[in-house]
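# Chains, contacts and geometry: an overview
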Amino acid sequence: MPLALLALAVGAFGIGTTEFVMMGLLPNVADDLHISIPSAGHLVSAYALGVVIGAPLLAALTARMPRRRVLVALMVLFVAGNAVSAAAPDYHLLMAARFVSGLPHGAFFGVGAVVATSLVAPERKARSVSLMFLGLTVANVIGVPIATLMGQQLGWRATFLAVSAIGLAAITALLLLVPADHGHGESGGLRGELKALGSLPVWLSLGTTVAGFGALFAAYSYVTPMLTGAAGFAEASVTVLLALFGVGATAGNLLGGRLADRSLRGTLFGGLVSLGVVLALFPVLMRAEWSAAVAVVLLGTAAFITGSPLQLMVMEKASAAPSLASSANQAAFNLANAGGAWIGGLALAAGFGLTSPAVAGAALAVLGIGVAGVAYGVDLRRSRAVVASATTGRGLLVASHVPDVVSAPDAGQTTRRR
């Protein structure tokens with residue numbers, strides 16, 4: 001695999017760290033800025049809103065720029081957002097800085113996925129995407145715990161300075177490792193980008209992302225009360241268990257990339273089915289500590305098996321605008337984060353029990369399988385229509401070149417019609 005993928009992974013590591021570290025720093029930020037925990041929680045929402053808005057917008061606006069230049073510019077914006085976060089004197093400026101930090105998130109992964117697949121042979125495309133995403137999953141294992149500890153010991157501002165430093169390292173790696181003459185973006189302009197994004201297969205792929213990862217976040221958003229209230233873990237153990245989730249996610253990401261190069265759709269269906277089964281078993285697995293720990297690992301593995309297949313499928317369905325479609329998939333991922341957490345919260349608030357968010361997630365996984373099934377049916381129908389059209393066209397072409405003859409039944413010979 002090319003070293004350029006390492007540069008993309010470094011950028012993904014920084015983005016993954018800054019996205020998830022805020023959850024662990026909410027009490028520190030709230031105390032320092034004299035705000036409530038719920039108000040501090042809005043900082044998480046501000047980042048997600050930046051991702052949803054910035055992903056398609058920045059990808060479309062930079063469609064004609066050389067992709068290496070786009071990646072560097074996005075990381076510059078990322079560094080600026082985190083540096084301002086570190087220096088923010090009040091809550092409102094920090095909110096704005098978190099929004100800015102989220103803007104380049106989706107576009108970086110979207111454009112990065114296009115770059116990653118263009119650097120390798122066709123049979124290694126999914127694996128190249130998974131290696132870029134490796135930075136995101138490793139961030140959950142290493143980056144977030146270390147950054148959280150740093151924020152608790154040195155102050156939350158030190159965390160965002162450290163993330164800015166990671167962004168600077170990513171910029172250096174991009175400049176050194178990604179070829180300067182690497183391909184340009186699509187030439188269709190904003191109108192062409194939006195037209196390519198408007199096809200039914202693209203929207204079905206994005207819908208699969210929302211439902212599939214919504215299933216994950218319906219459970220993962222409430223995994224701490226499940227582990228402490230249902231499985232009986234002490235609160236001090238939760239950090240280690242969340243790191244186990246990151247280990248499972250890393251393994252699932254690498255496995256999904258390898259399997260998707262053999263069967264893209266088969267890997268997608270297999271991952272969604274596995275995710276649904278794991279979530280459905282959560283009420284049973286959360287009855288003991290050892291099985292709960294296994295459940296957390298399996299949850300990360302099953303969910304992230306689908307990451308690379310979904311990213312690659314969206315890009316293939318919008319081949320005229322892969323950067324925009326790939327970035328839109330990151331926006332769909334964040335919509336899944338918000339929507340899944342909301343649905344899981346509804347199940348919990350309804351009094352169905354601590355593990356009910358996981359059951360709600362299993363239902364979302366079934367919905368994801370259904371959407372993926374519809375997408376498969378649409379693809380089959382379109383493929384058959386293309387084959388039928390091609391066959392009819394060949395038949396007409398052959399008929400136009402065959403002499404018009406009639407049989408002479410009595411003489412047993414043919415005569416050319418004049």
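Here goes a summary of the coordinates provided. (Residues numbered from 1 in each chain as written. Predicted model: local features only at pLDDT ≥ 70, side-chain atom pairs only at ≥ 80, totals over all residues. Heavy atoms only, no water.)

## Points about the overall build of the protein chain
Applied cut-off: Comment: elements are numbered from the N terminus, with helices defined as DSSP H or I runs of at least four residues and strands as E runs of at least two. The buried label goes to any residue with under 20% of its type's maximum accessible area, the exposed label to any with over 50%, and the partly exposed label to all in between, with areas taken from a 1.4 Å probe on protein chains only. Only heavy atoms enter the contact rule, under which two residues are in contact if any of them lie within 4.5 Å. Exposure was quantified through the Shrake-Rupley algorithm and a 1.4 Å probe, taking into account, for residues, occlusion by the shown protein chains and nothing else.
Regarding its fold elements, the protein chain presents 16 helices and two strands. The buried share of the protein chain, reckoned over its 418 residues, is 52%. Residue pairs at least 24 apart in sequence account for 83% of intrachain contacts in the protein chain once pairs closer than 6 positions are excluded. Total accessible area computed for the protein chain in this model is approximately 18000 Å², and 68% of it derives from carbon and sulfur atoms.

## As for the packing of helix 5 (residues 125-154) against helix 14 (residues 307-317)
Put simply, the rule reads: Angles shown run from 0 to 180 degrees and are taken between the N-to-C directions of axes, each axis being a line fitted to C-alpha atoms and, for helices, limited to the stretch in contact. Here the angle decides the label: under 35 degrees means roughly parallel, over 145 means roughly antiparallel, 65 to 115 means roughly perpendicular, and every other value means oblique. By definition, turning the near helix anticlockwise from the far helix through less than a right angle yields a left-handed crossing, and turning it clockwise yields a right-handed one. Gly counts as polar in this scheme, as do all residues outside two lists: the nonpolar Ala, Val, Leu, Ile, Met, Phe, Trp, Tyr, Cys and Pro, and the charged Asp, Glu, Lys and Arg.
Contact pair helix 5 / helix 14: the axes reach a minimum separation of 9 Å and the direction vectors enclose 120°. With respect to each other, helix 5 and helix 14 are oriented oblique. Between helix 5 and helix 14 the crossing geometry is right-handed. Counted together, Lys125, Ala126, Val129, Ser130 and Phe133 of helix 5 and Gly307, Ser308, Gln311 and Leu312 of helix 14 form the full contact between these two elements. Of the residues in the contact of helix 5 with helix 14, the class split is four nonpolar, four polar and one charged.

## Thoughts on helix 2 (residues 37-61)
Our working rule: Expected span of a helix, by definition, is 1.5 Å for each gap between consecutive residues, and there is one gap fewer than residues. A residue's bend is the angle separating two fitted axes: one through the seven residues that end there, the other through the seven that start there.
Between its terminal C-alpha atoms helix 2 stretches 36 Å, which fits the 36 Å expected from 25 residues at 1.5 Å a residue. The largest bend in helix 2 comes to about 35°, at Gly54, with the proline Pro56 one to four residues further on. Listed as buried for helix 2 are Ala40, Leu43, Ala46, Tyr47, Gly50, Val51, Gly54, Ala55, Leu58, Ala59 and Ala60.

## Re the environment of Phe333
Considering the arrangement of structural elements, one finds Phe333 in helix 15 (residues 322-349). Classification of Phe333 as buried rests on a relative accessible area of 9%. Taking C-alpha positions, Phe333 is 9.8 Å from Ala48, a pair spaced 285 residues apart along the chain. The contacts of Phe333, once residues within four sequence positions are left out, are Thr209, Phe213 and Phe217.

## Regarding the nonpolar core
Put simply, the rule is: We call a set of buried residues a nonpolar core when its members are Ala, Val, Leu, Ile, Met, Phe, Trp, Tyr or Cys and they connect through side-chain atoms within 4.5 Å of each other.
If you look at the biggest cluster of nonpolar residues, it comprises 46 residues, and the most contacted ones within it are Leu216, Leu227, Leu279, Phe282, Met286 and Leu299. Ranked by residues supplied to this core, first place goes to helix 13 (residues 289-305) with eight residues. One finds Ala7, Val51, Leu58 and Val70 within the second-largest nonpolar core, a separate group that totals 38 residues.

## Examining the pattern of salt bridges
Stated precisely, the cut-off is as follows: Any carboxyl oxygen of Asp or Glu within 4 Å of a side-chain nitrogen of Lys or Arg constitutes a salt bridge here.
Applying the stated criterion across every chain yields a total of four salt bridges. Arg157 is the partner of Asp32 in a salt bridge, and the nearest nitrogen-oxygen pair spans 3.4 Å. Of this pair, Asp32 sits in helix 1 (residues 4-33) while Arg157 is found in helix 6 (residues 156-177), placing the two residues 125 residues apart along the sequence. Judged by its relative accessible area of 38%, Asp32 is partly exposed. Among the ionic pairs, Lys317 bridges to Asp379, the shortest N-O distance being 2.7 Å. Residue Lys317 is located in helix 14, and its partner Asp379 is located in helix 16 (residues 356-401); the two are separated by 62 residues in the primary sequence.

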